[in-house]
Amino acid sequence: MSRLSLDELRDSFPRGDSRAKKINSARDLTLGNYGYVLDDDERWAKLRWPYERADMIDRLWKVANYRNAIAHWDIDAPGQGSDELTHAKQVLRLLKVIDRDPTE
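A quick note: this is a predicted structure, and the numbers were derived from the prediction, not measured. (Residues numbered from 1 in each chain as written. Predicted model: local features only at pLDDT ≥ 70, side-chain atom pairs only at ≥ 80, totals over all residues. Heavy atoms only, no water.)

(A) Representation of the pattern of salt bridges in the model. Enumeration according to the criterion identifies 6 salt bridges in this entry. With a shortest N-O distance of 2.5 Å, glutamate 8 and lysine 46 are connected by a salt bridge. Note that glutamate 8 is positioned in helix α1 (residues 6-11) and lysine 46 in helix α3 (residues 41-47), a separation of 38 residues in sequence. Owing to a relative accessible area of 14%, glutamate 8 belongs among the buried residues under this scheme. Put simply, arginine 59 and aspartate 55 hold a salt bridge, and the shortest N to O gap is 2.8 Å. Of this pair, arginine 59 and aspartate 55 both sit in helix α4 (residues 53-71), 4 residues apart, which is roughly one turn of that helix. (Salt bridge = Lys/Arg side-chain N within 4 Å of Asp/Glu carboxyl O. Helix = DSSP H or I, 4+ residues; strand = E, 2+ residues; numbered from the N terminus. Buried < 20%, exposed > 50% of the residue type's maximum accessible area, 1.4 Å probe, protein only.)

Okay, here's the thing in structure tokens:
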């Protein structure tokens, strides 16, 4: 996400959202913020990721929901052998591919 300016990252939050002011770099984004950042044609184009935007957003939301279920001690959260865990691992592999940018 380093191809996006600080203003672009902050603009992904709804107008007036106080969380935007706490963003000083892409490292300050939470997993739940990524879907919002990517849900914009101009920001998506700047990233030049080799994936379908809608598919990537959908995948990120699924992983964020899975993470939230685990982090908030949801007794019905999916377990180790779940499809959700498999999905999270797939997204991690996709992100590792695009994180290796030799120009940076």
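(B) Expanded view of the packing of aromatic side chains. Inspection of the entire model under this criterion finds 2 aromatic pairs. Relative to tryptophan 61, the ring of tyrosine 36 has its centre 5.1 Å away and its plane inclined at 80°; by these criteria the two rings are edge-to-face. Placement of tyrosine 36 in helix α2 (residues 31-38) and of tryptophan 61 in helix α4 is noted, with a sequence separation of 25 residues between them. Given the relative accessible area of 45%, tyrosine 36 is considered partly exposed. With a centroid separation of 5.6 Å and 80° between ring planes, the pair formed by tryptophan 44 and tryptophan 49 is classed as edge-to-face. Judged by its relative accessible area of 13%, tryptophan 44 falls in the buried class. Accessibility expressed as a relative area gives 14% for tryptophan 49, which makes it buried. (Phe/Tyr/Trp six-rings, centres within 6.5 Å; stacked < 30°, edge-to-face > 60°.)

(C) The arrangement of the nonpolar core in detail. Grouped together as the largest cluster of nonpolar side chains are 20 residues, with contacts concentrated most on Leu9, Leu29, Leu38, Trp44, Leu47, Trp49 and Met56. Contributions of two or more residues to this core are made by α2, α3, α4 and α5 (83-99). Ranked by the residues each element gives to this core, the list is headed by α4, at 5 residues. (Core = buried A, V, L, I, M, F, W, Y, C linked by side-chain atoms within 4.5 Å.)

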